[in-house]
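Inside the fold
Each chain is listed here by its residues.
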2 protein chains.
Amino acid sequence: MAPLTPGSAPIPRLRRSTLGDDVYETITALIMQHTLAPGDRINIDALARQLEVSATPVREALARLESDGLVRKRALAGYTVSPLLTREEFMDMFDMRLVLEGAAARWASSRAEEATRDRIVGEAASTAALRDDADGWQAHAAFTKLDAQFHDLIAAAAGNPLLRDGIARLHSHLHIHRLYFPFAQTETTGEEHQRIAAAIRAGNPEAAETAMRDHLTAARERHLAAFG
Amino acid sequence: MAPLTPGSAPIPRLRRSTLGDDVYETITALIMQHTLAPGDRINIDALARQLEVSATPVREALARLESDGLVRKRALAGYTVSPLLTREEFMDMFDMRLVLEGAAARWASSRAEEATRDRIVGEAASTAALRDDADGWQAHAAFTKLDAQFHDLIAAAAGNPLLRDGIARLHSHLHIHRLYFPFAQTETTGEEHQRIAAAIRAGNPEAAETAMRDHLTAARERHLAAFG
DNA sequence: CTATGAAATATCCTATAGGATAAACAAGAC
DNA sequence: GTCTTGTTTATCCTATAGGATATTTCATAG
């Protein structure tokens, strides 16, 4: 057998993930796109038919989604999509973000590779380049995507998988909330992102954590308008 | 129908939790007691027979356990109990504990009810009262239980469910590790717990966070001996 | 017209059977 | 002696059927 040369194309697996994983991803996307809206009941059999699979992988996916907090289960009454966060839960989530993402910014400043820092700076620049004047819906979608990428990039750069998972877990809830209260305000966000990126680039942990905490505090204020 | 008087006995539900939840708890316990040891393959059908249930609830439980990180799944190759933490993963876990439990101690200091603070002080006293001279196995079990209770009490006292869940998630991994490297050293731990409890009791967030971080740093050093 | 109670329905939850795939093992070639 | 190849086995994964429960609907009394 010919030796594998470096850079050769990776072997394409016919199905690297199991069916349950695919269903999990699909349902997550359905919730994220609010095709399944908060409070909706989830009919397992109907959902299985729509996805053209059996009920078993749907059950597995829902079990995982429950531990993510995206769906709730009541005994003998079925699953429902988790309701929107209350004001109190929303505050709790941001308290967690302050702790976790503050640490992520700090660690990324001292541990990240040079190339990673450059990517973070580039991502922040992309966010800042977004124009607020574009038509609302599409602009909001683009902003949301870039924002999520930026924060995940920093979470990954911190070099702690547990931290990254914890942050991702919180962001899914934030995402759902955002769909219902789309207030973009991309300009100030872009500036804040650039400040964070600069501190990470410079390898200044204290400044990076402070910039991240300031950003999140400001973002919380912006979002709080949704609660009246 | 007679009106319910306040304080009347709550209606006993025949089965408040679903079968899948029971199985989840059971398997978690099996892993915690190392009846299912790290690296062991998990045969779904055999496990279902042993537990006298069908395979479906076992599948649901395993799906949840996978997102907890206690088991791994390989496509078409089944589940295995997650291997013991590597040294690097162990360090990552303690970095997370420092961040999360540090915040928990801080918040508990400023938010917890009076009665809760008293319980924390009492729990710390119980830990300190443990004698190291008892026979190893039983003493270790008692210590582990008290330690877990103490940390969970503080996590709960912080008043943020997300934080409490995150901490509990980390502790399950710590627990598995401990079973394989039982070095109790209850005395110094008891003192450290009492210092944390005193700061929370006094409502001093900075002191509480510092005491918690010192405790975790010392605990990490004690555990690191296991890695040679 | 509203509230209560019972029957009907829809749905969940569990159990079992069958097809498909990866891992394990043995035999043979170089 | 080592590597490859074919066969066997065990296990997973999916699909379907039946019992149990919550929800809904409808009739009836106040």
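Treat the numbers as computed from the prediction; the structure is a model and nothing was measured. (Residues numbered from 1 in each chain as written. Chains lettered and ligands numbered in written order. Predicted model: local features only at pLDDT ≥ 70, side-chain atom pairs only at ≥ 80, totals over all residues. Heavy atoms only, no water.)

1. Re the overall build of chain A
Per the secondary structure count, chain A includes nine helices and three strands. Looking at chain A as a whole, 45% of its 228 residues qualify as buried. Across chain A, the fraction of contacts at a sequence separation of at least 24, relative to all contacts at a separation of at least 6, is 78%. Total accessible area on chain A stands at roughly 11,900 Å², and carbon and sulfur atoms take up 53% of it. (Helix = DSSP H or I, 4+ residues; strand = E, 2+ residues; numbered from the N terminus. Buried < 20%, exposed > 50% of the residue type's maximum accessible area, 1.4 Å probe, protein only. Contact = heavy atoms within 4.5 Å. Areas by Shrake-Rupley, 256 points an atom, 1.4 Å probe, with all protein chains shown as cover.)

2. As for the protein's contact with DNA strand D
Surveying the vicinity of DNA strand D reveals twelve residues, the closest of which are Leu 19, Val 53, Ser 54 and Arg 74 of chain A together with Ile 42 of chain B. Counted by atom, the contact set of DNA strand D within 4 Å of the protein is 86% sugar and phosphate. Ile 42 of chain B places a main-chain nitrogen or oxygen 2.9 Å from a phosphate oxygen of DNA strand D. In the environment of DNA strand D, a sugar or linking oxygen lies 3.3 Å from a nitrogen or oxygen atom belonging to the side chain of Asn 43 of chain B. Looking at side-chain class alone, the surface near DNA strand D contains six nonpolar, four polar and two charged residues. (Near = heavy atom within 4 Å. Polar contact = N/O pair within 3.5 Å; in protein donor to acceptor, adjacent residues only side chain to side chain. Nonpolar A, V, L, I, M, F, W, Y, C, P; charged D, E, K, R; others polar.)

3. Here's the deal with the relation of the copies chain A and chain B
When chain A is fitted to chain B, the best match, at an RMSD of 0.1 Å, comes from turning it 180 degrees and sliding it 0.0 Å along the axis. Given the turn and translation reported, the copies of this chain are related as if by a two-fold rotation axis. Taken as a fraction of all interface residues of chain A, those also at the interface in chain B reach 100%, which identifies the copy contact as same-surface. (Least-squares fit on C-alpha atoms with pLDDT ≥ 70 in both.)

4. A short note on the pairing of strand E3 (residues 78-81) of chain B
Residue and element names in this part refer to chain B. Of the two faces of E3, the one lined by Tyr 79 and Val 81 is fully buried and the one lined by Gly 78 and Thr 80 carries no buried residue. In terms of strand pairing, strand E2 (residues 71-74) meets E3 through four bridges, oriented antiparallel. By the bridge assignment for E3, Arg 72 is matched with Thr 80. (Pairing = 2+ DSSP bridges.)

5. Some details on the side chain of Thr 144 of chain B
Mapped onto the secondary structure, Thr 144 of chain B falls in helix H6 (residues 136-157). With residues near it in sequence (within four places) discarded, Thr 144 of chain B still touches His 175 and Arg 178 of chain B.

6. A look at the protein's contact with DNA strand C
Taken together, 15 residues form the shell around DNA strand C, and within it Ile 42, Asn 43 and Ile 44 of chain A together with Leu 19 and Ser 54 of chain B come nearest. Close to the protein, within 4 Å, the atoms of DNA strand C are drawn from sugar and phosphate at a rate of 82%. The separation between a phosphate oxygen of DNA strand C and a polar side-chain atom of Asn 43 of chain A is 3.1 Å. Here Leu 19 of chain B contributes a backbone N or O atom positioned 3.2 Å from a phosphate oxygen of DNA strand C. Partitioning the surface near DNA strand C into residue classes produces six nonpolar, five polar and four charged.

7. So, the nonpolar core
Residues Ile 154 of chain A together with Ile 154 of chain B are the most contacted members of the largest nonpolar core, which totals 72 residues. Beyond its immediate chain neighbours, meaning those up to four positions away, Ile 154 of chain A contacts Ala 104, Ala 105, Ala 108, Ile 120, Ile 196, Ile 200 and Met 212 of chain A. (Core = buried A, V, L, I, M, F, W, Y, C linked by side-chain atoms within 4.5 Å.)

8. Quick word on the pattern of salt bridges
This structure, assessed with the given rule, holds 26 salt bridges over all chains. A salt bridge links Arg 111 of chain B to Asp 95 of chain A; its shortest N-O distance comes to 3.5 Å. Residue Arg 111 of chain B is found in helix H4 (residues 87-111), and its partner Asp 95 of chain A is found in helix H4 (residues 87-111); the two belong to separate chains. Across the salt bridge formed by Asp 152 of chain B and Arg 164 of chain B, the nearest N and O atoms sit 2.9 Å from each other. Of the two residues, Asp 152 of chain B sits in helix H6 while Arg 164 of chain B sits in helix H7 (residues 161-180), which places them twelve residues apart along the sequence. Look at Asp 152 of chain B and you get partly exposed, because its relative accessible area is 29%. (Salt bridge = Lys/Arg side-chain N within 4 Å of Asp/Glu carboxyl O.)

9. Section: the packing of aromatic side chains
Summed over the entire model, instances satisfying the criterion amount to two aromatic pairs over all chains. When the centroid spacing of 5.1 Å and the interplanar angle of 45 degrees are considered together, the rings of Phe 90 of chain A and Phe 94 of chain A count as tilted. Of this pair, Phe 90 of chain A and Phe 94 of chain A both sit in helix H4, four residues apart, which is roughly one turn of that helix. A single burial state applies to Phe 90 of chain A and to Phe 94 of chain A, both of which are buried. Its end group placed over the ring of Trp 107 of chain A, Arg 111 of chain A keeps NZ or CZ at 4.9 Å from the ring centre. Just above the ring of Phe 94 of chain B sits the side chain of Arg 97 of chain B; from NZ or CZ to the centre is 5.1 Å. (Phe/Tyr/Trp six-rings, centres within 6.5 Å; stacked < 30°, edge-to-face > 60°. Lys NZ or Arg CZ within 6 Å of the ring centre and 35° of its normal.)

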